[in-house]
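Remarks on the overall topology
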Amino acid sequence: MKKILLVCAAGMSTSMLVNKMRESAEEKNIDVSIAALSVSEASTSVDTVDVVLLGPQVRYQLKSIEEIVKGRIPVKVIDIVLYGRMDGKAVLEYALELIK
(Lines give C-alpha, C1' and ligand atoms only; values in the text may rest on other atoms or scores of the structure.)
Protein backbone atom coordinates (compact mmCIF):
# COMPACT_ATOMS: atom_id res chain seq x y z
CA MET A 1 0.00 0.00 0.00
CA LYS A 2 1.26 3.45 -0.96
CA LYS A 3 0.94 6.22 1.63
CA ILE A 4 0.41 9.83 0.64
CA LEU A 5 0.50 12.79 3.01
CA LEU A 6 -0.97 16.17 2.10
CA VAL A 7 0.24 19.08 4.20
CA CYS A 8 -1.79 22.24 4.63
CA ALA A 9 -2.44 25.13 6.98
CA ALA A 10 -5.66 24.13 8.72
CA GLY A 11 -6.88 21.15 6.73
CA MET A 12 -10.29 22.25 5.48
CA SER A 13 -9.80 22.43 1.72
CA THR A 14 -7.09 19.78 1.74
CA SER A 15 -9.47 17.35 3.43
CA MET A 16 -11.86 17.83 0.51
CA LEU A 17 -9.03 17.07 -1.90
CA VAL A 18 -8.14 13.93 0.08
CA ASN A 19 -11.72 12.71 -0.30
CA LYS A 20 -11.61 13.29 -4.07
CA MET A 21 -8.28 11.46 -4.27
CA ARG A 22 -9.70 8.53 -2.31
CA GLU A 23 -12.71 8.37 -4.63
CA SER A 24 -10.40 8.26 -7.63
CA ALA A 25 -8.27 5.53 -6.02
CA GLU A 26 -11.37 3.44 -5.30
CA GLU A 27 -12.59 3.81 -8.89
CA LYS A 28 -9.21 2.58 -10.16
CA ASN A 29 -8.87 -0.08 -7.46
CA ILE A 30 -5.60 1.45 -6.21
CA ASP A 31 -4.49 0.43 -2.72
CA VAL A 32 -3.48 3.73 -1.17
CA SER A 33 -3.68 5.55 2.15
CA ILE A 34 -4.14 9.32 1.94
CA ALA A 35 -4.11 11.71 4.88
CA ALA A 36 -4.03 15.46 5.40
CA LEU A 37 -2.25 17.11 8.29
CA SER A 38 -1.26 20.61 9.27
CA VAL A 39 2.35 21.69 8.90
CA SER A 40 2.90 21.38 12.64
CA GLU A 41 1.58 17.79 12.67
CA ALA A 42 3.36 16.68 9.51
CA SER A 43 6.78 16.31 11.11
CA THR A 44 5.49 13.44 13.25
CA SER A 45 4.18 11.48 10.24
CA VAL A 46 6.71 11.91 7.44
CA ASP A 47 8.57 8.75 8.45
CA THR A 48 5.52 6.61 7.69
CA VAL A 49 4.61 7.86 4.19
CA ASP A 50 5.92 7.47 0.64
CA VAL A 51 5.38 11.05 -0.56
CA VAL A 52 4.50 14.45 0.91
CA LEU A 53 2.49 16.98 -1.09
CA LEU A 54 2.11 20.53 0.18
CA GLY A 55 -0.94 22.63 -0.50
CA PRO A 56 -0.10 25.78 -2.47
CA GLN A 57 -1.00 27.92 0.55
CA VAL A 58 1.93 26.43 2.52
CA ARG A 59 4.49 26.26 -0.30
CA TYR A 60 6.74 28.47 1.85
CA GLN A 61 7.17 25.42 4.15
CA LEU A 62 8.75 23.30 1.39
CA LYS A 63 12.34 23.72 2.61
CA SER A 64 11.48 22.90 6.22
CA ILE A 65 9.63 19.71 5.23
CA GLU A 66 12.49 18.75 2.89
CA GLU A 67 14.90 19.16 5.81
CA ILE A 68 12.75 16.86 7.94
CA VAL A 69 12.58 14.05 5.35
CA LYS A 70 16.27 14.42 4.41
CA GLY A 71 15.75 13.18 0.84
CA ARG A 72 14.18 9.85 1.85
CA ILE A 73 10.91 10.59 0.04
CA PRO A 74 9.68 13.11 -2.53
CA VAL A 75 8.30 16.41 -1.22
CA LYS A 76 6.48 18.63 -3.74
CA VAL A 77 3.94 21.43 -3.88
CA ILE A 78 0.56 20.62 -5.46
CA ASP A 79 -0.09 22.57 -8.63
CA ILE A 80 -2.29 25.53 -7.74
CA VAL A 81 -4.66 24.92 -10.67
CA LEU A 82 -5.18 21.25 -9.74
CA TYR A 83 -5.66 22.26 -6.13
CA GLY A 84 -8.14 24.99 -7.02
CA ARG A 85 -10.15 22.57 -9.14
CA MET A 86 -9.98 19.92 -6.40
CA ASP A 87 -8.81 17.53 -9.12
CA GLY A 88 -8.33 14.43 -6.98
CA LYS A 89 -7.64 12.21 -9.96
CA ALA A 90 -4.77 14.36 -11.27
CA VAL A 91 -3.23 14.91 -7.83
CA LEU A 92 -3.42 11.17 -7.09
CA GLU A 93 -1.71 10.38 -10.40
CA TYR A 94 0.98 12.98 -9.64
CA ALA A 95 1.63 11.51 -6.19
CA LEU A 96 1.84 7.96 -7.52
CA GLU A 97 4.24 9.06 -10.26
CA LEU A 98 6.49 10.67 -7.65
CA ILE A 99 6.57 7.45 -5.64
CA LYS A 100 7.83 5.41 -8.60
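Residues numbered from 1 in each chain as written. Predicted model: local features only at pLDDT ≥ 70, side-chain atom pairs only at ≥ 80, totals over all residues. Heavy atoms only, no water.

Under an unreviewed UniProt entry, the name given to the protein is PTS system lactose/cellobiose-specific transporter subunit IIB, and the source organism is Clostridium intestinale URNW.

Some points on the UniProt feature "modified residue: Phosphocysteine" (unreviewed entry) in the protein
Per the UniProt entry, the sites bearing "modified residue: Phosphocysteine" (unreviewed entry) are C8 in this numbering. Structurally, the position occupied by C8 is in strand β1 (residues 2-8). The exposure class assigned to C8 is buried, which follows from its relative accessible area of 0%. Ignoring anything within four residues of it in the chain, the contact list for C8 reads T14, L37, S38, V39, Q57 and V58. (UniProt positions renumbered as here; feature names shortened; annotations may be inferred. Helix = DSSP H or I, 4+ residues; strand = E, 2+ residues; numbered from the N terminus. Buried < 20%, exposed > 50% of the residue type's maximum accessible area, 1.4 Å probe, protein only. Contact = heavy atoms within 4.5 Å.)

Quick notes on the nonpolar core
Judged by nonpolar contacts, the single largest core of 18 residues is most densely connected at I4, L6, L17, M21, I34, L53 and L92. Looking at this core, the elements with two or more residues in it are β1, α1 (12-27), β2 (32-38), β3 (51-54) and α5 (88-99). Broken down by element, the residue count for this core peaks at five residues, all from α5. Other than its neighbours up to four places away in sequence, I34 contacts I4, L6, V18, M21, R22 and L92. One finds V49, I65, I73 and V75 within the second-largest nonpolar core, a separate group that totals 15 residues. (Core = buried A, V, L, I, M, F, W, Y, C linked by side-chain atoms within 4.5 Å.)

What about the pairing of β3?
Going residue by residue along β3, you find V51 and L53 tucked away on one face and V52 and L54 tucked away on the opposite face as well. In terms of strand pairing, β1 meets β3 through four bridges, oriented parallel. Of the residues in β3, the one forming a bridge with L6 is L53. Where the polypeptide runs from β3 across helix α3 (residues 62-69) and back to strand β4 (residues 75-77), its parallel neighbour, the crossover connection is right-handed. (Pairing = 2+ DSSP bridges. Right-handed = clockwise from strand over helix to strand, strands pointing away.)

A few points about the pairing of β1
For β1, a buried count of five out of seven residues is recorded, marking the element as mostly surrounded by other parts of the structure. For β1 and β2, the ladder comprises seven bridges, and the chain directions are parallel. When the bridges of β2 are listed, K3 appears paired with S33.

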